[in-house]
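# Examination of the molecular architecture
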Amino acid sequence: MSGSFRYDVEILHLLVSPAHAYFGRARDGAADVPTTDADSAEVVAGKGIVGDRFFGKAAHMDAAVTLFAVESLEAIAAELGAGPFDPLLTRRNVILRGAQLAPLLGQDFVLESGGSQVEFHGGRHAQPCTWMNEMLAPGAHPAMRGRGGIRCRALSSGLLHRGPAVLVSPVQLDPAQAGEPSLLRPSRLP
């Protein structure tokens, strides 16, 4: 990736779920779906995360993997005077600390972790569902709009690992940019 910027981030959680948990009426409660907060997750180019509900689904190929910055969730909890929230309740696949994601929309970027790297294309915002009002706190659904992370297409196959990681971006990310809180710390380019 020429003209790239490297940012130290952390993969806090890797959610792999074989089925949807939020459907129907929220007052009826979430479905009892086994969910794995994995130490690593296998990503397959063009298909997504092995074992996840969106893996290989034609309607989701361009958006099979969701990335979410935990700083957004922390800011939302503070605004609502609630929390802290369990990031897994957002049902996003990859929960990151230190990542500014909105500028990656329309961009190809790489996540390096545990000696492996996976290339993604930032497709669109991961808009929240109204279930967030029930699962997190009243008002969470509107508070997450525009800050719910991004939906991505996997461009390469590889493993993502929980722990320290590097986000390699073709665009310089600005921690002060409004919209999605960030704690980006650029590291030295190779």
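Residues numbered from 1 in each chain as written. Predicted model: local features only at pLDDT ≥ 70, side-chain atom pairs only at ≥ 80, totals over all residues. Heavy atoms only, no water.

### Description of the overall build of the chain
- Tallying secondary structure elements over the chain gives three helices and twelve strands in all.
- Taking all 190 residues of the chain together, the buried fraction comes to 47%.
- When the accessible surface of the chain is summed, it comes to about 8,500 Å², and 52% of that surface belongs to carbon and sulfur atoms. (Helix = DSSP H or I, 4+ residues; strand = E, 2+ residues; numbered from the N terminus. Buried < 20%, exposed > 50% of the residue type's maximum accessible area, 1.4 Å probe, protein only. Areas by Shrake-Rupley, 256 points an atom, 1.4 Å probe, with all protein chains shown as cover.)

### Focus: the pairing of strand E5 (residues 65-69)
- A large share of E5 lies buried, amounting to five of its five residues.
- Neither face of E5 is exposed, since Val 65, Leu 67 and Ala 69 on one face and Thr 66 and Phe 68 on the opposite face are all buried.
- Pairing geometry for E5 and strand E9 (residues 150-154), over three bridges, is antiparallel. Note that in E9 the partner of Thr 66 across the bridge is Arg 151.
- Here three bridges tie E5 to strand E6 (residues 94-97), and the two strands are oriented parallel to one another. Residue Phe 68 lies in a different strand from E6, and its bridge partner there is Ile 95.
- The parallel pair E5 and E6 is bridged by helix H1 (residues 70-80), and the resulting crossover is right-handed. (Pairing = 2+ DSSP bridges. Right-handed = clockwise from strand over helix to strand, strands pointing away.)

### A look at the nonpolar core
- Judged by nonpolar contacts, the single largest core of 28 residues is most densely connected at Leu 67, Val 94, Leu 96, Leu 111, Phe 120, Leu 160 and Leu 167.
- Residue contributions to this core peak at five residues, all from strand E1 (residues 5-16).
- What Leu 111 contacts, discounting residues up to four positions off in sequence, is Val 9, Leu 67, Val 94, Leu 96, Ser 116, Gln 117, Val 118, Phe 120, Leu 160, Val 166 and Leu 167. (Core = buried A, V, L, I, M, F, W, Y, C linked by side-chain atoms within 4.5 Å. Contact = heavy atoms within 4.5 Å.)

### Focus: the pattern of salt bridges
- If you walk through the whole model with that rule in mind, you get seven salt bridges.
- With its nearest N and O atoms 2.8 Å apart, the salt bridge here joins Glu 79 to Arg 147. Remark: Arg 147 occurs in the loop between helix H3 (140-144) and E9 and Glu 79 occurs in helix H1; sequence separation between them is 68 residues.
- Each member of the salt-bridge network shares a partner with another, and the members are Asp 37, Asp 39 and Arg 162. (Salt bridge = Lys/Arg side-chain N within 4 Å of Asp/Glu carboxyl O.)

### Topic: the environment of Val 166
- Assignment of secondary structure puts Val 166 in strand E11 (residues 163-169).
- A residue is classified by how much of its surface remains accessible, and Val 166, at 14% relative accessible area, is buried.
- Sequence separation between Val 166 and Ala 99 is 67 residues, and the spatial gap between their C-alpha atoms is 9.5 Å.
- What Val 166 contacts, discounting residues up to four positions off in sequence, is Arg 6, Tyr 7, Asp 8, Val 9, Val 110, Leu 111 and Glu 112.

### Focus on the sheet that holds strand E10 (residues 158-161)
- Taken in spatial order, the three strands line up as E4-E3-E10 in an open sheet, and their pairing is antiparallel. Taken across any chain shown, the strands that pair with only one partner, and hence form the sheet edges, are strand E4 (48-49) and E10.
- Bridge analysis of strand E3 (residues 40-44) against E10 gives four bridges, and the strand direction is antiparallel. Looking across to E10, one finds that Ala 41 is bridged to Leu 160.

### Observations regarding the packing of aromatic side chains
- Taken as a whole and judged by the stated rule, the model has one aromatic pair.
- The ring of Phe 68 has Arg 92 sitting right over it, with the charged end atom 5.9 Å from the ring centre.
- One residue, Arg 151, lies across the ring of Phe 54, its end atom 5.1 Å from the ring centre. (Phe/Tyr/Trp six-rings, centres within 6.5 Å; stacked < 30°, edge-to-face > 60°. Lys NZ or Arg CZ within 6 Å of the ring centre and 35° of its normal.)

### Observations concerning the confidence of the model for the chain
- Model confidence for the chain is summarised by a mean pLDDT of 82, while 81% of its residues fall at 70 or above.
- Taking the mean pLDDT of every element in the chain, the minimum, 38, falls on strand E12 (residues 185-186) and the maximum, 98, on E10.
- In this model residues 181-190 is a low-confidence stretch, pLDDT under 50, and it forms 29 contacts with partners more than four residues away in sequence or in other chains. (pLDDT = per-residue confidence, 0-100.)

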